[in-house]
Amino acid sequence: MHNPFKWSALALLGLLAHSSDAANVSMLGHDDVGISSFISAGNWDNGAAPSAGNDYFTGPFRLRSPATTLNYTFAGDSLTVHTSEGRLFGKSIAAPVSPGQVLTINNLILNGGYVDQSGWSWLTLMGNIEVIAESSFGASSSDTLEVMSVISGSAPLNISGPTINSGQDTGAVILSAANPYSGTMTLCANTPANSEKGLLRLNHRDALASATLNTISSTLVALSFSAGVNTGAFNIGALTGTGNMMLSDTVGMPVLLSVGGKGSSTTYSGSLVGSGGLTKVGSGTLRLLGANSNNRGDTAVEGGILSLTVPHLYDESTVSIAGGAVLQLDFAETDTVGGLVLGGNAQPDGVYSSGNSGGFITGAGSLLVKTVAAGNDSSSTPAPPVDSPYRSTRAWRAYDGGSAPRTSGFFDVPFMAVRTWNSAGALRIAGRRRTAGIYYSADDAAVVGIAAKALRDDVQRVTGLLPRVSTRAPAAAEAILIGTIGESPLIDGLIAAGKLDVSAIEGKWEAYTAVVVKHPMRGVRRALIIAGSDRRGTAFGVFGLSESMGVSPWYWWGDVAVKPKSALYIRGSHTQASPAVKYRGIFLNDEDWGLQPWAAQTFEPEVGNIGPKTYATIYELLLRLHSNMIWPAMHEWPVMTTPFYLVPGNKIMADKYGIVISTSHHEPMHRNSHEYDESLLGSYSYWSNWDTVYHFWDERVEETADCENIYTVGMRGRTDAGMLAPSGTTDAQKTEKLQNAIIPDQRKMLSEHVNSNASEMPQIFIPYKETLVQYQAGLQLPDDVTILWPDDNHGYIRQLSNASERARSGGSGLYYHLSYWGVPASYLWFCSTPPAMTRSEMLKAWDFEARNIWLVNVGDLKPAEIGTEFFLRMARNPEAFRNFDQHDYFTQWAARTFDAWHAEAIAEVLDGYFSLNIVKRPEHLTSEGESGFSLVSNGDEAQKRLDKFASLAALADTIYRRLSAEQKPSFYEMVLYPVRASYKVNQRALLAERSRMWAEQKRAATATLAAEVQAAHDAVMAEVQFYNEVNAGGKWNLTLNPMPELAGWARETQNPFLMPEVGSYSPPAAAALGVAIEGSAAVVESGVPGELPVFNRAADSNRFIDIFNQGTAAMRWTAVASAPWVVLSETCGAADARITVSINWRRAPRGNAVLGNVTVAAAGAELTVSLVVYHPENLDLANLPDAVEDNKVVVIEAEDFVARSDRSDGAGWRRVDKATASQDGMAIVPVTAPSVDPTSIPTDAPSLTYKFYAFTTGPVQIFTQCLPTHKTTSAHVGVRYAISLNGDSPIVVDVNAEEYTAAWNVNTLRAASVGVSDHKITAPGSQTIEVWMVDASVVLDKLTVQLFLGTYMYEAEELTVHDKSTDVQVTNYVDAPASAGGGVHIQSTKASQFGTFVLPNVQAGDYEIIIRVKKWTSRGIMQLAVAETPTGLFTNIGDEQDLYSTTGGYSDLEAIPVKFVSDGPKYLRFTATGKNPSASNYWILFDTIFMSTVTVDPPSGP
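Nothing here was measured: the structure is a model prediction, and the numbers come from that model.

The next thing to look at is the overall build of the protein chain. The secondary structure content of the protein chain amounts to 20 helices and 86 strands. In terms of C-alpha radius of gyration, the protein chain reaches 38 Å, essentially the compact-globule figure of 35 Å for 1502 residues. Reported as C-alpha extents along the three principal axes, the dimensions of the protein chain are approximately 115 × 105 × 65 Å. The buried share of the protein chain, reckoned over its 1502 residues, is 59%. Contacts spanning at least 24 positions in sequence make up 72% of the contacts within the protein chain whose residues lie at least 6 apart.

Pasting the structure below:
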């Protein structure tokens, strides 16, 4: 038969050996997607499927295996994969667990080609493989290729490598047979995607017994050993190469490696590390050059020569040398071991070398044998006791056991008042060209000297006079004396002399006292003494004085101008109690586009990163805000922040400023996980590489032992992901590893290096993301460890302590976000969480006793100044925020930061800014897709939003113009930039969306609107440039440093700086009339009148009509109303216009459906818009409630109740200011009130009563919008309320959404969760809603009553599964393009499998049903069926629908008619009836169900 390939001699020999009587069949081309020549004629040159009697050759082509889950046997006599391009390409889609898909090839010949698997799956080869020319195995990153075939031959065989699949094969190849293969198997330099499996995994101890293993991958986990077969030595014929190897199995147990059975001599220059052992067998020489060879295990030489070139045998290991074997020590030093056995005889302690070992040892080196007594190894030797000066030996209590300080305002300065005039008993700080000297003791903490010098500089900032600072004996008539009790000889001397009473603060935490005294010591006539209970207490006192003088904590980081004063005087005394929360601080995070580039290139270029100079300014800010801790910046990509402890001076600077260092949820024991190089250290796994990870942490604990730290215990993945564990490890098993290994080891490090009693050192466990699931799986923490509860990254606390957790000595704290990079969408560029919303959640944390630590993620710090200060001020004294008014807070903030003259206006701007942006954060307006604000409904929601932004920006601009030059930089950074930029981001997105609609409407002005979009984008970038380069003289250049070029999953982080897609339309020359009306994006067609929403007298409705030109020629239009009581804002014009249609109610006729119309004429065309007016007889407007049905909708704000009833214990609903998406809300006070048994409602349950007026009867749904809070503690069932309409039975609704579900995605993006309840109105008129508390975590926002419109819209993931096939799974999935961020997946794998869903409360009638599905190559053919009762007969509706598609994506299926004869729930069944021949599965995925009535009666009501 003709062969199109040029054959090598070796290939011909192979052909003759295996196919002397068989026909040769060759491939003519590649198998593409959907083709597999493995089981079909495919690309074989004989045009037939493989069959017995033939030998098959791939040539330079790709042979695909079937992309199914089924097993196959190759029917030919042999299959030869040859030439460098020849490939057996596994495309198994079986589950990614053994055995996956099994391919049996009884005679597979590798003659230069390669075999790999790529399909997110597991492929197993069975049969026999002969390697006759250099060939390769591989698997892509998510795949496994298991070779159960017996491998023979002697030609080279490569595992992965850059030539295989373009270097993409980083998955695992598993060898599971005893192989006679005697060639060289090279483990290439790729980094494995799965550190538990490596690139090559030995699943049989004799898989390489006759082979030479050549490893050139430096990754320790490139080769792994299966735990299941680790029952003896793993035999390797010979070992060579430069790569490293970890001698432990897949669960971390030691591995014994036996090398040399081939009898050849080789050199291995890699490193053998871990706890396993090495045995040299065979006659050859194994020469080891690695610096850490056989790091911890025993070494045996049973044959030939083992040559060591580096003295790195483990000090406690045993070395055994059999008779006739030799250990050659090719180094000059003496290496220590724990035991030596020569010829089977144990040797006593001593030194052994070539001179006294009887020939067992040769070379220049020697062994020192130092036997370790049993049970007395170094790992169990008690470390000498260590005591940390920062240990805590007493329980912390809020306010250190005292009561909350009384305050008259949110910004009360915690110090005596400083005035510009003298008075009796006052000390002159500065004035009349004189200053008081500032004195402190040199023996005091470094931060005291820092604070003293900062005070000196602050006095100069205010008065222009520079005081003297000295550590000598005070020698000024007027002095400021500063120091720490017990640390300052100066202060201790004053106490001993009776000049200073410190009884109120002594022994307390961060407390201070200040007093002006006469003649405190010789030579000093009057002094202000500031004494702290500890070093930070002293610093807080000093900075309290600075703030009282008029220096804002933000003078540097916020450029807040210092108002000059001619003199400063102070008198009296002040004692400040301990702060309410013990540790209060910030997390600098996701600093890639702000803090890092600014520090590296603008502020601290000499370091080129975030270094001690930058941190010093941040530490000072924290002290001025009376805060004490930080999680340092630690991000790795796309801009690399050098890990904190790797920058010289960072740690020292923190200690000087007295700032407590802690680290984030995936940086245990102060180790930035990005410091861990897996290519050098191996897997970051406590299963397979515990000793290396232990040392990695232990090293940092020892390095930082002399500093004040809070240690993060536990473990997550290296890159903010889940803990790395063997495949199939359950959460319970991870919990066990944390509880019994990881955390005990971490506390052992503390005991050895920091403090002998680890329980005295502050430690935190952060149940963040998946770690909360592990904690909930039963993790028992040491009692003294503080649980740092996280929010859900979007400002809503995931969980707080239940009663038993509150009793723990370690207590709890809270980790909160003002900035976040992650799902469902990031917010990194604007601080848009309203302080009132933060207050609502943090006061809940306080009331549930989360009082040890409050930490807030502030991103780059700028522009989060307002949110940062609010959080940290509240941490000092949460009780001061018990009765909170956000506007008052902003007014006070503005008066302090700028001046009282502009304070009210600035507060108005800030209220508006936060109110607009929490509904939709600017970062969540994407460059494609919809904004969620209607362009046509509710009076044009998008334009209303832009109008509010425009007014806000105009007011901010006016304030900016009126401020002094000194005040403008600060106002720009903290107010004007966020307002302007967020306005322009909204304008750009909403106008782009409108331009796309205009293009569909064929508006000639589309290009003009698109130009406005570009102008808005340019304005955003101009604001960024001004912020960076102009404002504050360019001080903050690169603080805003967007990377719009980022692609892929990170691109959404750049949303504010991405130009969206705009509409495009090329209009004809001739003028043409276009009309569009409120409520519809469609243009009005000739002869088909458009219909405006109903005009309702009670709501005094008005509507709009858009008139526009669809061509470029000039066009004049006229608009004529059908009756004089129809009022038009304009009746003619020559330009596009939006005219408002309103009703003159005095002249309008009475009736429930009064008809009228508006006729628009232009360019020879007339278009009609009809209208219906609801103006009933005898409508008593004076007695209508505020909430009235309009267009089938009633909206009631939660705070607009008409009655409130409290529980007998006083618990009840109370107004919370600006805490929800629609501003004010109603919350239960106290939030600790126990939940109500739903069966007892309405008995003694707090309730709210609402009234509204309805003109329409029939079914209604009440949408109750709430703050998207979570279950408060593990003891709470949900986030539930009960609701009733007109006295019907209370319906209990739970708005809790589990994190990362589709519902949670939607809730976080709209700052609201929405509960839905179904009711019925039986008569028009006044209606009554009652809402009862069930769980105290509910915060009501507003209620929307939706009367029946003849349509139903169901989100798939919100439907109840009624029943399903027993062998099919029905699950929710998360997907951003879905209508609410997710849908339902019916995981059918064969025909006849089904899932049935309940459609609640459907009215009888004729409908059309439209299903929105997600199509793809794995989808099946679907049949819909309906039933009206749970057990009723199902009737098919519509035709079968093939959901297969090669392009994928969401699409609406054709409308299907259906008729229901009774009211009540309906049952919709999805059945897989088959699949497209090209489809890989039978799956059904759907997003929404939409039902609309086929015939709707003409409207007779509003």
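Let's pick the thread back up.
Turning next to the sheet that holds strand E54 (residues 1073-1077). Read from one edge to the other, the open sheet built from four strands follows the order E54-E57-E61-E59, with strand pairing classed as antiparallel. Among the strands making up the open sheet, the edge pair consists of E54 and strand E59 (1126-1128). Across the sheet, the mean angle from the axis of one strand to that of its neighbour is 25°, orientation sign disregarded. Sheet topology note: the strand E57 (residues 1103-1109)/strand E61 (residues 1137-1143) ladder contains five bridges and is antiparallel. The partner of phenylalanine 1104 across the bridge, within E61, is threonine 1140.

Here we come to the pairing of strand E27 (residues 305-308). Relative to E27, strand E25 (residues 285-288) runs parallel, the two sharing four bridges. Counterpart to leucine 288 in the pairing with E27 is leucine 308. Across four bridges, E27 lies against strand E29 (residues 326-329) in parallel orientation. Opposite leucine 306, over in E29, you have leucine 327 as the bridge partner.

Across all of its chains, the model carries 68 aromatic pairs by this definition. When the centroid spacing of 5.2 Å and the interplanar angle of 80° are considered together, the rings of phenylalanine 1397 and phenylalanine 1486 count as edge-to-face. Remark: phenylalanine 1486 occurs in strand E86 (residues 1484-1493) and phenylalanine 1397 occurs in strand E79 (residues 1394-1402); sequence separation between them is 89 residues. Each member of the pair, phenylalanine 1397 as well as phenylalanine 1486, carries the same accessibility label: buried. Seen from the ring of tryptophan 556, lysine 1035 lies directly overhead, with NZ or CZ sitting 4.1 Å from the centre.

Another aspect to go through is the pattern of salt bridges. Throughout the structure, instances matching the rule amount to 54 salt bridges. A single salt-bridge network, built from bridges that share partners, covers Glu510, Arg535, Arg536, Arg584, Asp655 and Glu708.

A regular strand places its side chains on the two faces of the sheet in alternate fashion. One ladder, built from three bridges, connects strand E19 (residues 234-241) with strand E21 (residues 256-259); its direction is parallel. Paired with isoleucine 236 across the bridge in E21 is valine 259. Strand direction decides the pairing type here: E21 and strand E24 (residues 277-280), joined by four bridges, are parallel. Within E24, the residue paired with leucine 257 across the bridge is leucine 278.

Geometrically, a packed helix pair is captured by the angle between its two axes and the distance between the axes. At their nearest, the axes of helix H2 (residues 446-463) and helix H4 (residues 535-549) sit 9 Å apart, and the two run at 5° to each other. Comparing the axis directions of H2 and H4 gives the class roughly parallel. Side by side, H2 and H4 meet where Val447, Val448, Ala451, Ala454, Leu455, Asp458, Val459 and Val462 of the first sit next to Arg535, Thr538, Ala539, Val542, Phe543, Leu545, Ser546 and Met549 of the second. By residue class, the composition of the contact of H2 with H4 is twelve nonpolar, two polar and two charged.

Turning next to the environment of threonine 1006. Here threonine 1006 shows up in helix H19 (residues 1006-1030). The class for threonine 1006 is buried, based on a relative accessible area of 0%. As for threonine 1006 and alanine 424, which are separated by 582 residues in sequence, their C-alpha atoms are 74 Å apart. Threonine 1006 has contacts with Ser995, Trp998, Ala999, Gly1063, Ser1064 and Tyr1065, leaving out every residue within four places of it along the chain.

Across the sheet, which stays open at both edges, the four strands sit in the order E36-E44-E37-E38 with antiparallel pairing between neighbours. Two strands lie at the open edges of the sheet, namely strand E36 (418-419) and strand E38 (434-435), each paired on one side alone. In this sheet, E38 lies alongside strand E37 (residues 427-431) in antiparallel orientation, the contact comprising two bridges. Counterpart to glycine 431 in the pairing with E38 is arginine 434.

Following valine 823, the chain continues to proline 824 via a peptide bond in cis, the omega torsion being -5°. Mapped onto the secondary structure, proline 824 falls in the loop between strand E52 (812-817) and helix H13 (835-847). That bond from isoleucine 1241 to proline 1242 is cis: its omega, 10°, falls within 30 degrees of zero. Among the secondary structure elements, proline 1242 is positioned in the loop between strand E67 (1223-1229) and strand E68 (1247-1254). Positive phi outside glycine occurs at glutamine 1223, with the angle close to 85°. With respect to the secondary-structure elements, glutamine 1223 resides in strand E67. Exposure remark for glutamine 1223: the relative accessible area of 31% places this residue in the partly exposed category.

Let us now look at helix H14 (residues 865-876). Relative to the 16 Å expected for twelve residues at 1.5 Å per residue, H14 spans 17 Å between its end C-alpha atoms, a close match to the ideal helical length. Among the residues of H14, those classed as buried are Glu865, Ile866, Gly867, Thr868, Glu869, Phe870, Phe871, Leu872, Arg873, Met874, Ala875 and Arg876.

On to helix H20 (residues 1302-1310), then. For an α-helix, the turn length of 3.6 residues means that residues three or four places apart are oriented alike. Of all the residues in H20, the buried ones are Ala1302, Trp1304, Asn1305, Asn1307 and Thr1308. In this structure, the buried residues of H20 make contact with strand E72 (1313-1321), strand E77 (1370-1374) and strand E78 (1382-1386).

Further remarks concern the nonpolar core. Within the largest apolar cluster, 187 residues are counted, with the highest numbers of intra-cluster contacts made by Ile480, Leu528 and Leu545. Apart from the residues lying within four places of it in its own chain, the contact partners of leucine 528 are Phe415, Met416, Leu427, Ala479, Ile480, Leu481, Ala514, Val515, Val516, Leu545 and Ile570. With 75 residues, the next largest nonpolar core counts Ala155, Leu200, Leu308 and Ala325 among its residues.

Let us now look at the environment of tyrosine 512. Within the secondary structure, tyrosine 512 sits in strand E42 (residues 512-521). Residue classification places tyrosine 512 among the buried residues on the basis of a relative accessible area of 0%. When the C-alpha atoms of tyrosine 512 and aspartate 534 are compared, they prove to be 8.3 Å apart, with 22 residues separating the residues in sequence. When sequence neighbours within four positions are dropped, the list of residues in contact with tyrosine 512 reads Pro414, Phe415, Ile505, Ala531, Gly532, Gly537, Phe540, Gly541, His574, Thr575, Gln576 and His626. Separated by 2.6 Å, the side chain of tyrosine 512 and the backbone oxygen of proline 414 make a polar contact.

Take the confidence of the model for the protein chain next. Mean pLDDT over the protein chain works out to 91, with 95% of the residues at or above the 70 mark. For the stretch residues 1-20, pLDDT sits under 50, and the model shows 28 contacts to residues farther than four places along the chain or on other chains. pLDDT under 50 marks residues 191-197. Its contacts with residues more than four places away, or in other chains, come to 26 contacts.

The rules behind each value
Residues numbered from 1 in each chain as written. Predicted model: local features only at pLDDT ≥ 70, side-chain atom pairs only at ≥ 80, totals over all residues. Heavy atoms only, no water. Helix = DSSP H or I, 4+ residues; strand = E, 2+ residues; numbered from the N terminus. Rg over C-alpha atoms; globule rule 2.2 N^0.38 Å. Buried < 20%, exposed > 50% of the residue type's maximum accessible area, 1.4 Å probe, protein only. Contact = heavy atoms within 4.5 Å. Pairing = 2+ DSSP bridges. Axes fitted to C-alpha atoms, helices over the stretch in contact; angles between N-to-C directions. Phe/Tyr/Trp six-rings, centres within 6.5 Å; stacked < 30°, edge-to-face > 60°. Lys NZ or Arg CZ within 6 Å of the ring centre and 35° of its normal. Salt bridge = Lys/Arg side-chain N within 4 Å of Asp/Glu carboxyl O. Parallel < 35°, antiparallel > 145°, perpendicular 65-115°, else oblique. Nonpolar A, V, L, I, M, F, W, Y, C, P; charged D, E, K, R; others polar. Expected span 1.5 Å × (residues − 1). Core = buried A, V, L, I, M, F, W, Y, C linked by side-chain atoms within 4.5 Å. Polar contact = N/O pair within 3.5 Å; in protein donor to acceptor, adjacent residues only side chain to side chain. pLDDT = per-residue confidence, 0-100.

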